[in-house]
Amino acid sequence: MDVMFAPWRMEYLLGGKGEGCVFCKCSVRCDEFIVFEGKTCFVMLNRFPYVNGHLMIIPQRHLGDIEELTSEERMEMMNLLDTSVKVLREAVQPQGFNVGMNLGKAAGAGIEEHVHLHVMPRWEGDTNFISVVGNVRIIPEDLATTTAKLAPLFKKHVQEGSTR
């Protein structure tokens, strides 16, 4: 029998939501999974990913609605989306991407009080029977290793982008 090891899932399964916004708390903002800190937004690995390399682009300000974003925040989110795609292409060679926001609980937002953009690399055949039948996802790399791989690439690509 194969064994699947995903120790970070227990925190998700047993942990309570707690007080305040998880994207604003120091416990997350000081998180080792932040791969890039911009002027108005930051990029971090999803602590409970759907796929390896699942990123979130999050405004620094606590905002519950996309309409509250300033022009500067919108621009930086889109620039970081572009950079995220470049970084993930270089680091994990995906064949495609899912990009999106879940706005409101009815849309599936797990953290509806703080707007954030998901960027998920995808590969042909990465959805298999175990996800459908067993309601289990297999993440092939631990988050610390993925962070160490992505953070320097963000720095590189952001610097390249600022010189153009």
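This text follows the structure it describes.
Quick summary incoming for the structure in this document.

Cut-offs used in this document
- Residues numbered from 1 in each chain as written.
- Predicted model: local features only at pLDDT ≥ 70, side-chain atom pairs only at ≥ 80, totals over all residues.
- Heavy atoms only, no water.
- Helix = DSSP H or I, 4+ residues; strand = E, 2+ residues; numbered from the N terminus.
- Buried < 20%, exposed > 50% of the residue type's maximum accessible area, 1.4 Å probe, protein only.
- Contact = heavy atoms within 4.5 Å.
- Phe/Tyr/Trp six-rings, centres within 6.5 Å; stacked < 30°, edge-to-face > 60°.
- Pairing = 2+ DSSP bridges.
- Axes fitted to C-alpha atoms, helices over the stretch in contact; angles between N-to-C directions.
- Salt bridge = Lys/Arg side-chain N within 4 Å of Asp/Glu carboxyl O.

1. Section: the overall build of the protein
Here's step 1: Within the protein, the regular secondary structure consists of five helices and five strands.
Here's step 2: When the helices and strands of the protein are listed from N to C terminus, the series reads α-α-β-β-β-α-β-β-α-α.
Here's step 3: Each of the 164 residues in the protein was classed as buried or not, and the buried ones make up 39%.
Here's step 4: Here the contacts in the protein between residues at least 6 apart in sequence split such that 63% fall between residues at least 24 apart.

2. Thoughts on the packing of aromatic side chains
Given two aromatic rings, their pairing is described by the distance between the two centres and the angle made by the two planes.
Here's step 1: All chains considered together, the criterion is met by one aromatic pair.
Here's step 2: An angle of 20° between the planes, with centres 6.1 Å apart, marks the rings of Phe-36 and Phe-154 as stacked. Residue Phe-36 is found in strand E1 (residues 34-37), and its partner Phe-154 is found in helix H5 (residues 143-162); the two are separated by 118 residues along the sequence. When sorted by exposure, Phe-36 lands in the same class as Phe-154, which is buried.

3. Brief notes about the pairing of strand E2 (residues 41-45)
Here's step 1: Counting buried residues along E2, five of its five residues qualify, which places the element largely inside the surrounding structure.
Here's step 2: Residues Cys-41, Val-43 and Leu-45 of E2 are buried on one face, and the alternating residues Phe-42 and Met-44, pointing to the opposite face, are buried as well.
Here's step 3: Relative to E2, E1 is paired through three bridges, and the arrangement is antiparallel. When the bridges of E2 are listed, Ile-34 appears paired with Met-44.
Here's step 4: Remark: three residues form the turn of the hairpin made by E1 and E2, two consecutive strands paired antiparallel.
Here's step 5: Two strands pair when backbone bridges link them, and E2 and strand E3 (residues 55-59) are joined in this way by five bridges, in the antiparallel orientation. The partner of Met-44 across the bridge, within E3, is Met-56.

4. What to know about the side chain of Asn-46
Here's step 1: Note on placement: Asn-46 falls in the loop between E2 and E3.
Here's step 2: Those residues in contact with Asn-46 that lie beyond four places of it in its chain are His-54, Met-56, His-118 and Leu-143.

5. Focus on the sheet that holds E1
Here's step 1: Strand order in the open sheet formed by five strands is E1-E2-E3-E5-E4, with antiparallel pairing between adjacent strands. A strand with exactly one partner marks an edge of an open sheet, and here the two such strands are E1 and strand E4 (96-100). Across the sheet, the axes of successive neighbouring strands diverge by a mean angle of 15°, strand direction being ignored.
Here's step 2: Seen against the sheet, helix H3 (residues 71-92) touches E1, E2, E3, E4 and strand E5 (117-122) and runs at an angle of roughly 20° to E5.

6. As for unusual backbone geometry
Here's step 1: A positive phi angle, close to 45°, is found at Gln-93, a residue other than glycine.
Here's step 2: Among the structural elements, Gln-93 can be located in the loop between H3 and E4.
Here's step 3: Gln-93 gets classed as exposed once you look at its relative accessible area, which sits at 52%.

7. Topic: the pattern of salt bridges
Pairing is possible between side chains of opposite charge, provided their charged atoms come close.
Here's step 1: Per the stated rule, a full pass over the model turns up five salt bridges.
Here's step 2: Glu-141 is paired through a salt bridge with Lys-149; the nearest N and O atoms lie 2.9 Å apart.
Here's step 3: Glu-141 sits in the buried class, given a relative accessible area of 17%.
Here's step 4: Using a relative accessible area of 32% as the deciding quantity, one classes Lys-149 as partly exposed.

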